[in-house]
Amino acid sequence: MSHTLGIRQAQKQKTRQALLDAALGLLEEQSLSSLGLREVTRAVGVAPTAFYRHFRSTADLGVALVEEALGSLHPMIRTTVSGADDHDQRIRRAIELIADHVDGYPAHVRFIARERHGGVQPVREAIRDQLARFGEEVREELAKDPVSAGWSDDDLLMLANLYVDQMLITASLFLEAQESSAEERDRVCQVAERQMRLISIGRRHWLD
């Protein structure tokens, strides 16, 4: 019996993932608010009623996509601001990590960029909550750095959110440059490095 249940659970998970993958592919060309569940189930080859065994609505599916797109990034985000390297090394490492992520998961990055201010409220809220978690985690890492001595928690959180916003902007720029020349990609790297350095310089002189 347990073996049969295990097979059923594995199949259920496989179908759920197939629905997520199909939706992500369809969302390359449209927003979530215009996506119909019949489109998704047709792409997977299951009956529309099967959709409701996994998600309550397309909004619920969108929230699951947010978790898939952003939930695994928390360790990477913390790594980009950890104090193991000097400021310039940290900036270069952050940009490399962002570029690698965009190359590996362009559809997820495009989905977040579009739906962050899109028309589906639960998805907007899910993205906002994930970004708020990023901000808190970055704040915790920044607080460990000697440069942060004397900073208030509110100011550290403000700085953390600046870094998070800049990472999102950089990801969007890399996404736009994917189909461009190597020179354009290098230009994105240079601009991102200058912007991050500007934040870093402001940080070092905030308490002056």
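All chains use their own residue numbering, which begins from 1 and follows the written sequence. Given that this is a predicted model, residues contribute local features only at a pLDDT of at least 70 and side-chain atom pairs are listed and counted only at 80 or more, while totals for whole chains, interfaces and linings are drawn from all residues. To obtain the side-chain values, all non-hydrogen atoms of the structure were included, while hydrogens and water were left out.

**Student:** Kindly report on the overall build of the chain, identifying the contributing residues and their values.
**Tutor:** Strands here mean DSSP runs of E at least two residues long; helices mean DSSP runs of H or I at least four residues long; both are numbered from the N terminus. Each helix and strand counted, the chain has 10 helices and zero strands in total. Secondary structure elements of the chain occur, N-terminal to C-terminal, as α-α-α-α-α-α-α-α-α-α. Expressed along its principal axes, the backbone C-alpha trace of the chain runs to roughly 65 × 40 × 35 Å. Within the chain, counting contacts between residues at least 6 apart in sequence, those at least 24 apart form 66% of the total. Methods summary: accessible areas were calculated by the Shrake-Rupley approach with a probe of 1.4 Å, and residue burial reflects only the protein chains presented. Looking at the chain as shown, the accessible area adds up to about 11,500 Å², and 51% of this sits on carbon and sulfur atoms. When the 26 basic and 32 acidic side-chain charges of the chain are each reduced to a single mean position, those positions are 7 Å apart. Only heavy atoms matter for contacts: two residues are in contact if any of them lie within 4.5 Å across the pair. Lys and Arg are tallied as positive, Asp and Glu as negative. Neither His nor the chain termini are counted. Every charge is mapped onto a representative atom, which is NZ of Lys, CZ of Arg, CG of Asp or CD of Glu.

**Student:** Lay out the packing of aromatic side chains in plain terms, naming residues and giving numbers.
**Tutor:** Only centres within 6.5 Å qualify two rings of Phe, Tyr or Trp (six-membered ring in Trp) as a pair; their planes then separate them into stacked at under 30 degrees, edge-to-face at over 60, and tilted for everything else. One pass over the structure, following the stated rule, counts three aromatic pairs. Note on phenylalanine 51 and tyrosine 52: the rings are 5.7 Å apart at their centroids and 80° apart in plane angle, and the pair reads as edge-to-face. Assessed through its relative accessible area of 0%, phenylalanine 51 is described here as buried. Each residue in the set Phe51, Tyr52 and Phe55 is aromatic and connected to the rest through ring pairs, giving one cluster. Only protein chains enter the accessibility calculation, which uses a 1.4 Å probe; a residue is then buried when its area is under 20% of its type maximum, exposed when over 50%, and partly exposed in between.

**Student:** Describe the pattern of salt bridges, naming the residues involved and giving the relevant values.
**Tutor:** Put simply, a salt bridge is a Lys or Arg side-chain nitrogen that is within 4 Å of an Asp or Glu carboxyl oxygen. Scanning the entire structure with this criterion turns up 14 salt bridges. Aspartate 145 is the partner of arginine 90 in a salt bridge, and the nearest nitrogen-oxygen pair spans 3.1 Å. One end of the pair, arginine 90, is in helix H6 (residues 87–104); the other, aspartate 145, is in the loop between helix H8 (121–143) and helix H9 (153–176), and 55 residues separate them in sequence. Just as arginine 90 is buried, aspartate 145 falls in that class too. Arginine 139 is the partner of glutamate 136 in a salt bridge, and the nearest nitrogen-oxygen pair spans 3.1 Å. Residue glutamate 136 and its partner arginine 139 are both found in helix H8; the two are separated by three residues, about one turn of the helix.

**Student:** Lay out helix H5 (residues 74–81) in plain terms, naming residues and giving numbers.
**Tutor:** Those residues of H5 that sit buried are His74, Met76, Ile77, Thr80 and Val81. Angularly, the buried residues of H5 cover 165° about the axis, an arc narrow enough to put them on a single face. In this description, the arc belongs to the directions extending from the helix axis to the C-beta atoms.

**Student:** I'd like to hear about the packing of H6 against H9, residue by residue, with values.
**Tutor:** The geometry of H6 relative to H9 is characterised by a closest axis approach of 9 Å and an angle of 50° between their N-to-C directions. As judged from the angle between their axes, H6 and H9 are oblique. Where H6 crosses over H9, the two elements pack in a sense that is right-handed. Counted together, Ile95, Ile98, Ala99 and Val102 of H6 and Met167, Thr170, Ala171, Phe174 and Leu175 of H9 form the full contact between these two elements. Amino acids are sorted into nonpolar (Ala, Val, Leu, Ile, Met, Phe, Trp, Tyr, Cys and Pro), charged (Asp, Glu, Lys and Arg) and polar (every other residue, Gly among them). Among the residues forming the contact of H6 with H9, the class breakdown is eight nonpolar, one polar and no charged. Axes here refer to lines fitted to C-alpha atoms; in helices the fit is confined to the stretch in contact. Angles between the N-to-C directions go from 0 to 180 degrees. Any angle that is under 35 degrees is reported as roughly parallel, and any over 145 degrees as roughly antiparallel; angles of 65 to 115 degrees are reported as roughly perpendicular and all others as oblique. Less than a right angle of anticlockwise turn of the near helix away from the far helix marks a crossing as left-handed, whereas a clockwise turn marks it as right-handed.

**Student:** I'd like a rundown of the environment of arginine 124, residues and numbers included.
**Tutor:** You can see arginine 124 is positioned in helix H8. Taking the C-alpha atoms as reference points, arginine 124 and glutamate 28, separated by 96 residues in sequence, lie 18 Å from one another. Contact partners of arginine 124, with chain neighbours within four places excluded, come to Glu115, Arg116, His117, Gly118 and Gly119.

**Student:** Explain the side chain of glutamine 130 to me, using residue names and the numbers behind them.
**Tutor:** Considering the arrangement of structural elements, one finds glutamine 130 in helix H8. For glutamine 130, a relative accessible area of 7% translates into the label buried. When near neighbours in sequence (up to four residues on either side) are disregarded, glutamine 130 contacts Val66, Glu67, Leu70, Gly71 and His74.

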